[in-house]
Every structure is written in C-alpha cells, then in structure tokens.
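Analysis of the macromolecular model
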Amino acid sequence: MPFEQQPLPFAMDALEAHGMKAETFEYHYGKHHKAYVTKLNDAVKGTELDSMSLEDVIKSTYSDSAKSGIFNNAAQTWNHTFFWNSLTPGGGGAPTGDLAAKIDTAFGSYDKFKEEFSNAAATQFGSGWAWLVDDNGTLKVMKTPNAENPVALGKKALLTLDVWEHAYYIDYRNARPAFIQNFLDNLLNWDFVSANLASA
Ligand code: MN3
C-alpha cells in the first residue's frame, strides 16, 4: 500500500501573520515533501518494505548503505509530517504546567532550553534538523544531518525544526537565526510536545 502524504495540520496561509508565508508551504509541503513521498513509493514498490510501517522502513534501512536512498526518502517523509505538527499559529514562548517543570528539570530553565535548541539549530552545518527528544526518560536537545532522525537512533521525538535552507529561504533568505527565533517565539507547538510525551 502506498505511503501517503499526510495533510498539513493548518491552511497554507495560517502562519502568514506568524512569520511563514503561504508560498513557503506551497513549495516546502507542496513540492519538497511531496517529492520525498513520491520517491519513497517508487523505491519500495514490489519490495518487502512496501507493507511495513513508515517507522519500520526507517529503522530497517538506516544502517544499510545499499538502501540509503530509501532511508533518505522515508525519513524525510516522516520528518516533514512531524515538522508540520511542531508548528502552530500563535505558539511558542515558555510552556506551562507539567511540561514547564520537565523543561526546568532537564535544562535548568526555559531560557536555557531555548539557548540549547537555538544553538543546535544554528550550528547544524548544512542541511539537517534540530530536535527535542525523550531519551530513556530524559529530555534532550539534539541535531541531525540530512534526513537522519530520532526514529533511526532509537529515541522518541518530541519536537523538530527543519533547518534545510529550503525551510527558511522564502521567509528569511539566508538568515537561519531569525527563522529559529521566530519558531521559538511564535510557532512552537507545545501541545504536540505534550501529546508525544504522553504517547507510548
Ligand atoms: Mn524540508
């Protein structure tokens, strides 16, 4: 059964007032993400990977250099769906309640979390991703190159930011730090983080 591109969780223009234009989603969701899904389906057609879950395709191809093309397209399919859900209009700022306590425990304070996440996102050289993950019960910030993700590395993803240049060039040109700052202040979906923490 073919893998499907999950719908965007908001309208293409829903983040216009929050630092991301509809044009960004027309390209990033409508062309980049869509192409990963199409290439993934072409690559797994007629193979044993065809009937696996997307997560299992990612795990089973990660360490197999002969399947790096499949891994890249499977992981990018998964990463982008996870990224869209990490965004919400009017999000960002400090979390509240239980999550605030967990962030304080893990990082010392919200400001320290923000600093660590910004630093990971800004210093990922070239294309990649910044993540908040649950690593065996401990919240951690990490960065990954290209398509690599926590699913492949055996960690539970809670939040991500795409720092490939295509993610920010329309809105911020080459200014990745401004894109990161806007994500943290205006878009970060803490409800998604909470839901991921609560999931098995
Ligand atoms: Mn992308």
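Look up a bit, the structure's there.
Keep in mind that what you see is a predicted model, and the values were worked out from it rather than measured.

1. Some points on the packing of aromatic side chains
One pass over the structure, following the stated rule, counts 18 aromatic pairs. Ring pairs connect the aromatic residues Phe 10, Phe 25, Tyr 29, Trp 78, Phe 82, Phe 83, Trp 84, Trp 129, Trp 131 and Phe 192, which therefore count as one cluster.

2. So, the sheet that holds strand β2 (residues 138–145)
Taken together, three strands build an open sheet; the order of strands is β2-β1-β3 and the sheet is antiparallel. The sheet is open, and its two borders are formed by β2 and β3 (156–162), each paired with just one other strand. Strand after strand, the sheet turns through a mean of 20 degrees between neighbouring axes, direction not considered. Here strand β1 (residues 128–135) pairs with β2 via eight bridges, running antiparallel.

3. A short note on the side chain of Thr 160
You can see Thr 160 is positioned in strand β3. A polar contact is formed between the side chain of Thr 160 and the backbone oxygen of Ala 130, at a distance of 2.9 Å. Beyond its immediate stretch of four places on either side in the chain, Thr 160 contacts Asn 79, Phe 82, Phe 83, Ser 86, Trp 129, Ala 130, Trp 131 and Phe 183.

4. Observations regarding the coordination of the manganese ion
Each donor-metal-donor angle would ideally measure 109.5 degrees in four-coordinate tetrahedral geometry, or 90 or 180 degrees in six-coordinate octahedral geometry. Protein-derived coordination of the manganese ion comes from His 28 (NE2), His 80 (NE2), Asp 162 (OD) and His 166 (NE2), at a distance range of 2.0 to 2.1 Å. Donor residues for the manganese ion, ordered by position in the chain, follow H-x51-H-x81-D-x3-H. Take Asp 162 and His 166: they sit in the same class, and that class is buried.

What counts and what doesn't
- Throughout, a residue's number is its position along its own chain's written sequence, starting from 1.
- Totals for whole chains, interfaces and linings use all residues, but because this is a predicted model, local features are given only for residues with pLDDT of at least 70 and pairs of side-chain atoms are given and counted only at 80 or more.
- Side-chain calculation: all heavy atoms of the structure are included, whereas hydrogens and water are not.
- Only Phe, Tyr and Trp rings take part, Trp by its six-membered ring, and two of them pair if their centres are within 6.5 Å. Stacked means planes under 30 degrees apart, edge-to-face means over 60, and tilted covers everything else.
- By this definition, two strands are paired if DSSP reports at least two bridges between them.
- In this text, helices come from DSSP runs of H or I with a minimum length of four residues, and strands from runs of E with a minimum of two, each type numbered from the N-terminal end.
- Only C-alpha atoms enter the line fits that serve as axes; for helices the fit covers just the stretch in contact. Angles between N-to-C directions range over 0 to 180 degrees.
- Polar contact is the term for a pair of N or O atoms within 3.5 Å; when the atoms are in protein, one must be able to donate a hydrogen and the other to accept it, and sequence-neighboring residues count only if both atoms are side-chain atoms.
- Contacts are residue-level and defined by heavy atoms, with any inter-residue pair within 4.5 Å sufficient.
- A donor here means an N, O or S atom no more than 2.8 Å from the metal, or no more than 3.2 Å when the metal is Na, K or Ca. Since water is not included, a site may seem to lack partners.
- Burial classes follow relative accessibility: with a 1.4 Å probe on protein chains only, a residue under 20% of its type's maximum area counts as buried, one over 50% as exposed, and anything between as partly exposed.

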